Amino acid sequence: MSQTVPETCDVICCATVTAATENVRRHLLALAKAPLGLRGDFSVIYHLTADNPAVLPAGLAMHDRGPLSGPAYLAAAAKARIIVDLEDGADAATRIARLTALKQAGAQILAENGPAARDVLPADALFSTPEALLDKVYARLR
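In what follows, the accompanying structure is described.

Scoring rules and cut-offs
- Sequence order as written defines the numbering, with residues in each chain counted from 1.
- At least 70 in pLDDT is required for a residue's local features to be given in this predicted model, at least 80 for side-chain atom pairs to be given and counted, and no such filter applies to totals for whole chains, interfaces and linings, which use all residues.
- The basis for the side-chain values is all heavy atoms of the structure; hydrogens and waters are excluded.
- Here a strand is any run of E in DSSP of at least two residues, a helix any run of H or I of at least four, and the numbering for each starts at the N terminus.
- Just to be clear, the radius of gyration here is over C-alpha atoms, and the globule rule we use is 2.2 Å times residues to the power 0.38.
- Categorising residues by exposure relies on relative accessible area from a 1.4 Å probe, with only protein chains included: less than 20% of the type maximum marks a residue as buried, more than 50% marks it as exposed, and the intermediate range marks it as partly exposed.
- Whether two residues touch is decided by their heavy atoms; if any such pair falls within 4.5 Å, the residues are in contact.
- Only the protein chains shown count as cover for residues, and the accessible areas themselves come from Shrake-Rupley with a 1.4 Å probe.
- The pairing criterion is simple: DSSP has to find at least two bridges between the two strands.
- To be clear, the arc concerns the directions from the helix axis to the C-beta atoms.
- Helix axes use the C-alpha atoms of the stretch in contact, all axes being lines fitted to C-alpha atoms, and the angles between their N-to-C directions lie in the range 0 to 180 degrees.
- For classification purposes, angles smaller than 35 degrees are called roughly parallel, those larger than 145 roughly antiparallel, those between 65 and 115 roughly perpendicular, and all remaining angles oblique.
- In this scheme the crossing of two helices becomes right-handed for a clockwise turn of the near helix relative to the far one and left-handed for an anticlockwise turn of less than a right angle.
- Ten residue types, Ala, Val, Leu, Ile, Met, Phe, Trp, Tyr, Cys and Pro, are classed as nonpolar, four, Asp, Glu, Lys and Arg, as charged, and the remainder, Gly among them, as polar.
- What is meant by a nonpolar core is a set of buried Ala, Val, Leu, Ile, Met, Phe, Trp, Tyr and Cys residues, joined one to another through side-chain atoms within 4.5 Å.

### With respect to the overall build of the chain
The number of helices and strands found in the chain is six helices and five strands. Put simply, the chain runs from its N terminus to its C terminus through helices and strands in the order β-α-β-α-α-β-α-β-α-β-α. Against the compact-globule benchmark of 14 Å for 142 residues, the chain has a radius of gyration of 14 Å, which places it among compact chains. A principal-axis box enclosing the C-alpha atoms of the chain has dimensions of 35 × 35 × 30 Å. In the chain, which comprises 142 residues, the proportion classed as buried is 46%. Long-range contacts, defined here as pairs at least 24 residues apart, represent 61% of the contacts in the chain between residues at least 6 apart. Carbon and sulfur atoms make up 58% of the accessible area of the chain, which amounts to about 7100 Å² in all.

Quick look at the structure:
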């Protein structure tokens, strides 16, 4: 479902989900399931690009608002408390540009650790596992 007016949310993520990006799926599923646990509730919105959105796992599909990019994504991200950026197959230059645009917008960013993310963000904004991502999200929501 495409969203024309950005929603306010706690966590937002825009990513490409393919068979080659299993790490993306793991991180997104962990975020989707986290509010059901004992650590507390938070709202999640995804803007996913997938070869076949109809086969996304239910945990992802329920939070997906359809693909967004450029100024539309920046507008949506501006309404979120935390932006999660994942290693979703984008080349380094594209990821650096994306992270730089989000950073210039004053957003609080958490990014999957990789060379591009290390070039743009401080070490405390990086994560490598779904568990580390959740720890950082809950710490920033407090």
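### Structural notes on the pairing of strand β3 (residues 80–85)
Among the six residues in β3, five count as buried, and that is most of the element. Bridge analysis of β3 against strand β4 (residues 109–112) gives three bridges, and the strand direction is parallel. Bridging from a neighbouring strand, aspartate 85 pairs with alanine 111 of β4.

### Section: the environment of aspartate 135
Note on placement: aspartate 135 falls in helix α6 (residues 130–141). For aspartate 135, a relative accessible area of 40% corresponds to the partly exposed category. Each C-alpha atom, one on aspartate 135 and one on valine 17, is 23 Å from the other, the two residues being 118 residues apart in sequence.

### Here's the deal with helix α3 (residues 70–77)
Listed in full, the buried residues belonging to α3 are Tyr73, Ala76 and Ala77. Along α3, the residues classed as buried sweep out an arc of 100° about the axis, all on the same side. Those residues of α3 that are buried are in contact with β1 (9–17), β2 (44–50), β3 and α4 (92–104).

### A word on the packing of helix α1 (residues 22–33) against α6
To characterise two packed helices, one gives the angle between the axes of the helices and the distance between these axes. Where α1 meets α6, the closest approach of the two axes is 9 Å, and the angle between their N-to-C directions is 40°. By the criterion of interaxial angle, the relationship of α1 to α6 is oblique. Read as a crossing pair, α1 and α6 show a hand that is right-handed. Here Arg26, His27, Ala30 and Leu31 of α1 come into contact with α6, specifically with Pro130, Leu133, Leu134 and Val137. Looking at the contact of α1 with α6, its residues break down into six nonpolar, one polar and one charged.

### Some details on the nonpolar core
The biggest cluster of nonpolar side chains holds 27 residues, and the ones touching the most others in it are Leu28, Leu31, Phe42, Tyr46, Val84 and Val137. Among the secondary structure elements, those contributing two or more residues to this core are β1, α1, β2, β3 and α6. When neighbours within four sequence positions are excluded, tyrosine 46 is seen to be in contact with Cys13, Leu28, Leu31, Ala32, Gly59, Leu60, His63, Asp64, Arg65 and Gly66. Formed by 19 residues, the second largest nonpolar core is a distinct cluster that contains Tyr73, Ile109, Val120 and Leu121.

### A short note on the sheet that holds β2
Taken in spatial order, the five strands line up as β2-β1-β3-β4-β5 in an open sheet, and their pairing is parallel. Since the sheet does not close on itself, it has two edges, and those belong to β2 and β5 (126–127), each with one partner. Contacting β1, β3, β4 and β5, α6 runs over the sheet at an angle of about 160° to β3.

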